[in-house]
2 protein chains.
Amino acid sequence: MPATPADSSLLMSRKDLAFQLYAWLDTEALVRRPRYAEHSRETFDAVLELGEQLAARYFAPHNRAGDLAEPRLEDGTVETIPEVREALAAFARSGLVSATMDEDLGGMRLPHVVSTACFSWFQAANIATSAYPFLTLGNARLLCAHGTPEQVDRYARPMLAGRFTGTMCLSEPQAGSSLADVLTRAEPQDDGTYRLSGNKMWISGGDHELTENIVHLVLARIPGGPPGVKGLSLFVVPKRLVSPDGSPGERNDVVAAGLNHKMGYRGTTNAALNFGEGAHLPGGRPGAVGELVGEPHRGLAYMFMMMNEARIGVGAGAAALGVTGYLKSLAYARSRPQGRPVTGRDPGAPQVPIIEHADVRRMLLAQKAYSEGATGLVLYCARLVDEQHTAEDEAGRRRAGLLLDVLTPIAKSWPSQWCLEANSLAIQVHGGYGYTREYDVEQHYRDNRLNPIHEGTHGIQALDLLGRKAVLDGGAGLRALGETVAATAGEAAARGGEAAELAASLTAAWERVTTVTAALWATGEPDRALANAAVYLEAVGHVVLAWVWLGQYLAASASDDAFHQGKRQAARYFFRHELPRTEAQFALLESGDTTVPDTDPDWL
Amino acid sequence: MPATPADSSLLMSRKDLAFQLYAWLDTEALVRRPRYAEHSRETFDAVLELGEQLAARYFAPHNRAGDLAEPRLEDGTVETIPEVREALAAFARSGLVSATMDEDLGGMRLPHVVSTACFSWFQAANIATSAYPFLTLGNARLLCAHGTPEQVDRYARPMLAGRFTGTMCLSEPQAGSSLADVLTRAEPQDDGTYRLSGNKMWISGGDHELTENIVHLVLARIPGGPPGVKGLSLFVVPKRLVSPDGSPGERNDVVAAGLNHKMGYRGTTNAALNFGEGAHLPGGRPGAVGELVGEPHRGLAYMFMMMNEARIGVGAGAAALGVTGYLKSLAYARSRPQGRPVTGRDPGAPQVPIIEHADVRRMLLAQKAYSEGATGLVLYCARLVDEQHTAEDEAGRRRAGLLLDVLTPIAKSWPSQWCLEANSLAIQVHGGYGYTREYDVEQHYRDNRLNPIHEGTHGIQALDLLGRKAVLDGGAGLRALGETVAATAGEAAARGGEAAELAASLTAAWERVTTVTAALWATGEPDRALANAAVYLEAVGHVVLAWVWLGQYLAASASDDAFHQGKRQAARYFFRHELPRTEAQFALLESGDTTVPDTDPDWL
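Residues numbered from 1 in each chain as written. Chains lettered and ligands numbered in written order. Predicted model: local features only at pLDDT ≥ 70, side-chain atom pairs only at ≥ 80, totals over all residues. Heavy atoms only, no water.

Caption draft 1: View of the overall build of chain A. On a plain count of helices and strands, chain A comes out with 18 helices and twelve strands. Taking 25 Å as the expected radius of gyration for a compact globule of 604 residues, we find that chain A reaches 24 Å, a close match to that expectation. With respect to the three principal axes, the spread of C-alpha positions in chain A is 80 × 60 × 60 Å. Counting the 604 residues in chain A, one finds 64% classified as buried. Within chain A, contacts between residues at least 6 apart in sequence are counted, and of these 75% link residues at least 24 apart. In chain A, the 56 positive side-chain charges and the 71 negative ones have mean positions that sit 3 Å from each other. (Helix = DSSP H or I, 4+ residues; strand = E, 2+ residues; numbered from the N terminus. Rg over C-alpha atoms; globule rule 2.2 N^0.38 Å. Buried < 20%, exposed > 50% of the residue type's maximum accessible area, 1.4 Å probe, protein only. Contact = heavy atoms within 4.5 Å. Lys, Arg positive; Asp, Glu negative; His and termini not counted. Charge placed at Lys NZ, Arg CZ, Asp CG, Glu CD.)

Caption draft 2: Region of interest: the interface of chain A and chain B. Contacts between chain A and chain B engage 92 residues on the former and 92 residues on the latter. Interface area for chain A against chain B, summed over the two sides, is near 7700 Å², with a carbon-plus-sulfur share of 59%. In terms of surface lost to chain B, no three residues of chain A exceed Tyr435, Trp603 and Leu604 of chain A, which account for 12% of the buried area on that side. For the interface between chain A and chain B, the tally reads six salt bridges. (Buried area = accessible area lost by both parts, 1.4 Å probe. Salt bridge = Lys/Arg side-chain N within 4 Å of Asp/Glu carboxyl O.)

Caption draft 3: The UniProt feature "domain: Acyl-CoA oxidase/dehydrogenase middle" (unreviewed entry) in chain A, seen in detail. Here the UniProt-annotated "domain: Acyl-CoA oxidase/dehydrogenase middle" (unreviewed entry) positions come out as residues 168–275 of chain A. Its end C-alpha atoms 14 Å apart, residues 168–275 of chain A is made of 0% helix and 48% strand. (UniProt positions renumbered as here; feature names shortened; annotations may be inferred.)

Caption draft 4: Summary view of the relation of the copies chain A and chain B. Overlaying chain A on chain B yields an RMSD of 0.0 Å, the required transformation being a rotation through 180° with an accompanying axial translation of 0.0 Å. The transformation just described matches what one would write down for a two-fold rotation axis. Measuring from the rotation axis to each C-alpha of chain A, the shortest distance belongs to Arg581 of chain A, at 3.3 Å. A share of 100% of interface residues in chain A that are also interface residues in chain B marks the association as one of identical surfaces. (Least-squares fit on C-alpha atoms with pLDDT ≥ 70 in both.)

Caption draft 5: Just the nonpolar core, in detail. All names here are of chain B. The biggest cluster of nonpolar side chains holds 166 residues, and the ones touching the most others in it are Leu407 and Tyr536. Sort the elements by how many residues they give to this core and helix α16 (residues 533–555) lands first, with 18 residues. Every residue in contact with Leu407, bar those within four places of it in the chain, is listed here: Leu377, Tyr380, Cys381, Leu384, Leu481 and Val544. (Core = buried A, V, L, I, M, F, W, Y, C linked by side-chain atoms within 4.5 Å.)

Caption draft 6: Representation of the pattern of salt bridges in the model. Residues and elements named next belong to chain A. Enumeration according to the criterion identifies 84 salt bridges over all chains in this entry. For Arg33, the salt bridge goes to Glu392, with nearest N and O atoms at 3.4 Å. With Arg33 in the loop between α1 (14–24) and α2 (41–59) and Glu392 in the loop between α9 (358–390) and α10 (394–430), this residue pair connects regions lying 359 residues apart in the sequence. Ionic pairing is found between Arg398 and Asp473, a salt bridge with its closest N-O pair at 3.8 Å. Of this pair, Arg398 sits in helix α10 while Asp473 is found in the loop between α12 (458–469) and α13 (476–495), placing the two residues 75 residues apart along the sequence. Taking the relative accessible area as the measure of exposure, Arg398 reaches 46% and is therefore partly exposed. It is possible to trace a salt-bridge network through shared partners that takes in Asp16, Lys368, Glu372 and Lys567.

Caption draft 7: Looking closely at the confidence of the model for chain A. Looking at chain A, the pLDDT average stands at 96 and 99% of residues meet or exceed 70. Of the two predicted TM-score estimates for the complex, the pTM is 0.98 and the ipTM is 0.98. (pLDDT = per-residue confidence, 0-100.)

Caption draft 8: Main features of α9 of chain A. Taking 1.5 Å of rise per residue, 33 residues should cover 48 Å, and α9 of chain A covers 47 Å from first to last C-alpha, within 8% of that figure. Of all the 33 residues making up α9 of chain A, 30 are buried; the element is thus mostly covered by neighbouring parts of the structure. (Expected span 1.5 Å × (residues − 1).)

Caption draft 9: Inspection of α2 of chain A at higher detail. All names here are of chain A. Between its terminal C-alpha atoms α2 stretches 26 Å, which fits the 27 Å expected from 19 residues at 1.5 Å a residue. All of the buried residues in α2 are Phe44, Val47, Leu48, Gly51, Glu52, Leu54, Ala55, Ala56, Tyr58 and Phe59. Elements that come into contact with the buried residues of α2 comprise α1, α3 (63–68), α4 (82–94), α5 (112–125) and α6 (127–146).

Caption draft 10: Representation of the pairing of strand β11 (residues 270–275) of chain B within the structure. Residues and elements named next belong to chain B. Summarising burial for β11: six of the six residues are buried, a large majority. Residues Asn270, Ala272 and Asn274 line one face of β11 and the alternating positions Ala271, Leu273 and Phe275 line the opposite face, and both faces are buried. Looking at chain direction, strand β5 (residues 194–204) and β11 are connected through five bridges and run antiparallel. Residue pairing in the sheet places Lys200 in a bridge with Leu273 of β11. Where strand β10 (residues 254–259) and β11 come together, five bridges link them in antiparallel fashion. Its bridge partner lying in β11, Ala256 is registered against Leu273. (Pairing = 2+ DSSP bridges.)

Caption draft 11: The arrangement of the pairing of strand β6 (residues 213–221) of chain A in detail. Residue and element names in this part refer to chain A. Of all nine residues in β6, nine are buried; the element is thus mostly enclosed. Where strand β3 (residues 164–169) lies against β6, six bridges are found, and the strand directions are parallel. Bridged to Gly166 within β6 is Val215. Bridge count between β6 and strand β7 (residues 232–238): seven bridges; the pairing is antiparallel. Paired with Ala220 across the strands is Ser233, a residue of β7.

Caption draft 12: Here's a closer look at the packing of aromatic side chains. Enumeration over the complete set of coordinates arrives at 37 aromatic pairs over all chains. On the numbers, 4.9 Å between centres and 80° between planes, the contact of Phe91 of chain A with Phe122 of chain A is edge-to-face. Remark: Phe122 of chain A occurs in helix α5 and Phe91 of chain A occurs in helix α4; sequence separation between them is 31 residues. Residue classification places Phe91 of chain A among the buried residues on the basis of a relative accessible area of 2%. For Phe122 of chain A, a relative accessible area of 0% corresponds to the buried category. An angle of 85° between the planes, with centres 5.8 Å apart, marks the rings of Tyr332 of chain B and Tyr439 of chain B as edge-to-face. Of this pair, Tyr332 of chain B sits in helix α8 (residues 299–335) while Tyr439 of chain B sits in the loop between α10 (394–430) and α11 (441–448), and the two are 107 residues apart along the sequence. Among the aromatic residues, ring-to-ring pairing joins Phe59, Phe91, Phe119, Phe122 and Phe134 of chain A into one connected group. Its end group placed over the ring of Tyr445 of chain B, Arg449 of chain A keeps NZ or CZ at 5.8 Å from the ring centre. (Phe/Tyr/Trp six-rings, centres within 6.5 Å; stacked < 30°, edge-to-face > 60°. Lys NZ or Arg CZ within 6 Å of the ring centre and 35° of its normal.)

Written out as structure tokens, the structure reads:
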């Protein structure tokens, strides 16, 4: 029996999601494409409403309980609170796991952008529990794309049906950011299977009893392959071997060596997994039984398909935590009386709600700008996934792919950085109360602190953006983004007035992106160019978000009601308080500053 | 039996403290003053070494244990882990509580600057346990300044001897930032005492069994007094009434209504206290027995003496957490192998320690700049306290007071903001490991998140700086600070070369402070001037820190060894990566931006 549903108006803003999907991203246009022909705004809205209801009923109520009673490993079994299993069962019944898939996989051909918006309800409600279906979906999608029909039947379909969950096993204790150093071995067997042995680390959902089985996708080396990342192959390794009838049977030789105890995200089990340590020996032979996925030595490429999706998903989760923190601190600010206006401090006058204080409004407006901007960015990326698959012509599909390439590191890192900051402001609005576990916001802040780390750290995203994506195909991705920015700026300029002023600021900022990128690479020295990559990532991220906000400003011009005024005000805030931060960053980058690389480690 | 001492080289840098005290702040000059005549660098160093040893032996080893087993209120008694009591006993034995006091109070007339440096060892080792003596010291100092000789004997001396601890009881559930709304009442009795009734909130050290007694300093209203803060009087209210022989006896009517469960600082009990609820009724009459301190209705002024000290202490704690996080992530970065240089990624080559990666060095250099800069600022403020009390002439004492006035909100807020950021970077350097409770840095981050809240939030500091301190005495404080900045810049300019370049940047930045302050107040509209007070606080804070770093740059010019190179490099980092952030903030302020006050609450 689930608890009383949470107040969904404190999780996500239904109105803002509709604005982003329809007014800004024109998601309804997708229904004119053959793939989505059976959809309509009504079916999209029904999915969003289903997400809202399930999130409020099954996910939000145990968010704190999952934090307080983190999973425990006892006698080889991982114990979780019962509400997690109920939530996953409800999610499985909804069919949302396979929502974007084809009908033959139980799906409903839902656009990714709608699925991502729907999923944000669950992330806002309970980021830790939502991690299980999130990982499972990525895993299943990878198997459907690269696995054999048998692998799809044996592993992917049960995951899509909610019977199994999935993981991605990349890191090892000595190989986190550096996957070239993965050591796990996969020995080929006469029957075509492999036996895996090695130690994996930081495996979210790595062990639990929440579902019948767990499907691990594991990066490992087939002996004799090339060193480094080019010698990594991908294997599917189930926790329990799957019988011909599809039911999970004998335990495979995969055991949880321990659970990691984290500052946040505590409801998600996170395990060190040992493969092939002899704890369970199927058939008496050493090693965990695995099947190769796709071709040998192409594991990292396959994994990156899942990883790119996961990175946008991390951004979406960070954004959702930002939004719920904003909504909760907004509600608090409206109801908490404290102090009086700075002019006219008559102690006899009643106290005013703290939203009347300018500094509190500043903290709310900043949260709105960060979290709704981040939501916009990740939804735009999800919209690009749909374009990549369904745009009418090849040029449109290629263009979407280029934009996705260059935006993925930003969609992962910007929400992780700024919606963490939003959560910090949400605490600050609550004052001392926000620092206590009686209020949600301190948990959101702890949960969100993971997002700049997992699925590639901030520093890794920075190298990816400046070192790869900005120069890939001769800079085609950045050029495509520049054209997109210019199109929005052009539309705004044509409207004149304030819109044209914002457009001019954005155009000038984008000009800085292109000149600074060129200046950095003009050195021809990657170690100098990349030394301040994190500064570059943050500056370009802010410019991209200014583009998001200009687009939302234009989309919000249709009406002068409070909601649309709020969107425009958040856009103004972003252009006046946030975008100007970038000039100092661009100037630093353009100067070829070498303070960091010049620092001898012994000086520290 | 205490645990094995912690490695003190991971708590604070002995070398950097010595540099700050002697090379930068010329603390040795103090021994020429009559008050410190019996001191010498040797006695200062002995105190610092004592602090280091006690912190490593008694405070650091239970830092995590205190976090995991937070205090619990059971059957009216607050239980804490036994290590806290041992630590406080060791601290009491050391005589450090009264170190800065006169001999007749058991003190050793230690300069505040040395005491603050010594105390930072404890804050770095265990911010939660160190809060008890920290609060006790402030409380005792206030009583010594404003209490009667009997109050000093009855309450202050036992605190200075470590037998009692002290609290400050200001906030109430409806009165946090707004002390004008304090409701607690104090009814005068025929015997000259008062009976207090009311509810206090957020009382650190509010209840426990760690010492024989707890001395509460309580803001309350004597009936008939003026409304608002002008009607607040200060009372001393012991947990147990003190017998004529000095021993604590009967329970007073003060009870812990509950403990607050916090994200961090968990080892410090934090209680809601009820006064005069009838749980304990001394002599059968209602109310908690209290004695007036000083004159009626002057309570807030007295409390502000303690509060100003506490604010600098908050900054010192934030700085110490920043330093220990820096040192721990530095040690990790030197020892953790991961990845290879961005040029020459031969997967056959061995992995390098992560300190070899530019982005890791960036995160370490930023931490060094934030945490050592913050340490410098709080030590400078402590040095000003000594000047205020012992400078040869009245002009020098007055000048120190003016500087302290204007610097206090910055010394409280800047370390709280940027050393929290430093702790976030310390986590990031550790990667996934840093997010787990197996490493210290996640706790430092959680602990440090309190510092922008307690003892006056960030927003309150901003109003204090721009609304009061910047305009007090016709702006005398800001002028004094400008002269100080100019003196350092002049010295640097005279040296020529790089020092002169840094001086020019600092001079230009200070010029912005003065013009922007004038522009803000030129409007004559406080609500407009103060709307962006937080932006002002942050911008001025960064300029002040640039001044700190220029001073340290000059002081570090004497040698080219690794330590002094590191100090100069951190100064360069601050001037190149940090100070330029302020221009966008000053431009925003100068433009008279009204985005925030123009935001209708309904738009949010």
